[in-house]
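Descriptive analysis of the structure
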Amino acid sequence: MTARINEAQKFSLAGQLFALAGLILLALIASACAPTQEAASNEPWTAPPAPTDAIAPTLQPAADLPTAALGAAATPLPTAALEPAATALPAATAPPVSRETVVEIVPDAEAEEARTRYQRLLRAEWDTDFTRTTISFDEIMTGGPPKDGIPSIDDPQFETIADADLWLDDLEPVQVVDLNGDVRAYPVQVMVWHELVNDTVGGEPVVITF
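Residues numbered from 1 in each chain as written. Predicted model: local features only at pLDDT ≥ 70, side-chain atom pairs only at ≥ 80, totals over all residues. Heavy atoms only, no water.

Description of the overall build of the protein chain
The number of helices and strands found in the protein chain is four helices and six strands. The N-to-C order of helical and strand elements in the protein chain reads α-β-α-β-α-β-β-α-β-β. For the protein chain, the residues scored as buried account for 12% of the 210 residues in total. A sequence separation of at least 24 residues applies to 36% of the contacts in the protein chain between residues at least 6 apart. (Helix = DSSP H or I, 4+ residues; strand = E, 2+ residues; numbered from the N terminus. Buried < 20%, exposed > 50% of the residue type's maximum accessible area, 1.4 Å probe, protein only. Contact = heavy atoms within 4.5 Å.)

Right, here's the structure in full:
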């Protein structure tokens, strides 16, 4: 029993020695790898002198810098040509008239029936020949007032400008006829009630309508 204890103590002492040797070896390795540090000095630190062959950079004068080459001067854009203003409106052309108008002959009984119907609708006597027509009678419609329901002015009476200023406004709309040096004005406020004026202007018979 005593021999076994002594043997165990030997193994324990050998392990301790081995561990101690390892620690010493690690300390030696660490001291060898550590950076050396110079001893502190009381003298102030001064920068090392610059090498004599060093050349300090200098700034290039602005005048020597390269300048950008500008392109050729831009040519002016062409100006749009203005079209001359129209001085006169084109003359109105007459609507085409068909030369192939077919005149239909209406039987006497149908013509008399049409005459009676429109005389009743328009409340007027008609001297129209209803036996000849180029349209269907069904296309004829009443416009409201009967024949001669709006009386025309057949003998117009005129006033001087001074007299007309008493009842016409400064911006009163009128219809003006200038024919052979004879100038006449027909107020719209009168024309709206009669619609037709039969007159003679400059020696020529005229009809003024509104």
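After that view, the rundown keeps rolling.
Some details on the confidence of the model for the protein chain
When the pLDDT values of the protein chain are averaged, the result is 75; 59% of them are 70 or greater. Considering each helix and strand of the protein chain separately, the mean pLDDT is smallest for helix α1 (residues 2-33), with a value of 66, and largest for strand β5 (residues 196-201), with 95. (pLDDT = per-residue confidence, 0-100.)

Let's talk about the pairing of strand β3 (residues 174-179)
In this structure, β3 lies alongside strand β4 (residues 182-187), joined through six bridges in antiparallel fashion. Paired with V176 across the two strands is A185, which belongs to β4. Counted between consecutive antiparallel strands, the loop separating β3 from β4 contains two residues, among which N180 sits at a positive phi close to 55°. (Pairing = 2+ DSSP bridges.)

Section: the packing of aromatic side chains
Scanning all chains against the criterion turns up two aromatic pairs. Between F130 and F137 the ring centres are 5.5 Å apart and the planes differ by 55°, which places this aromatic pair in the tilted class. Given a relative accessible area of 8%, F130 falls into the buried group. (Phe/Tyr/Trp six-rings, centres within 6.5 Å; stacked < 30°, edge-to-face > 60°.)

Overview of the environment of L179
Looking at the element boundaries, L179 is found in strand β3. The partly exposed category is assigned to L179, whose relative accessible area is 26%. In the structure, L179 is positioned 25 residues away from E204 in sequence and 8.0 Å away in space, judged by C-alpha atoms.

Quick notes on a nonpolar patch on the surface
Side chains of L20, L23, I24, L25, L26, L28 and I29 sit close together on the surface and give an oily, nonpolar patch of about 710 Å² of accessible area. Counting through the fold element by element, L25 comes out in helix α1. (Patch = residues over 30% accessible without salt bridge, like charges linked within 9 Å, V, L, I, M, F, W, Y side chains within 5 Å. Areas by Shrake-Rupley, 256 points an atom, 1.4 Å probe, with all protein chains shown as cover. Salt bridge = Lys/Arg side-chain N within 4 Å of Asp/Glu carboxyl O.)

Structural notes on the nonpolar core
Ranked by size, the top nonpolar core spans eight residues in total: I153, V177, Y186, M191, V197, V201, V206 and I208. Looking at this core, the elements that each hand over two or more residues are β5 and β6 (204-209). I153 has contacts with V190, H194, L196, V197 and N198, leaving out every residue within four places of it along the chain. Counting six residues, the second-largest nonpolar core is a separate cluster that includes V106, A114, F130 and F137. (Core = buried A, V, L, I, M, F, W, Y, C linked by side-chain atoms within 4.5 Å.)

Examining the side chain of D199
As for its placement among the helices and strands, D199 is situated in strand β5. In terms of polar contacts, D199 uses its side chain to reach the side chain of Y186, at 2.7 Å. With sequence-adjacent residues up to four places away left out, D199 is seen in contact with P156, F158, R184, Y186, E204, P205, V206 and I208. (Polar contact = N/O pair within 3.5 Å; in protein donor to acceptor, adjacent residues only side chain to side chain.)

Some points on a negative patch on the surface
A grouping of E159, D163, D165, D169 and D170 is seen on the molecular surface, where their side chains present a negatively charged patch. Relative to the helices and strands, D169 is located in the loop between α3 (161-164) and β3. (Lys, Arg positive; Asp, Glu negative; His and termini not counted. Charge placed at Lys NZ, Arg CZ, Asp CG, Glu CD.)

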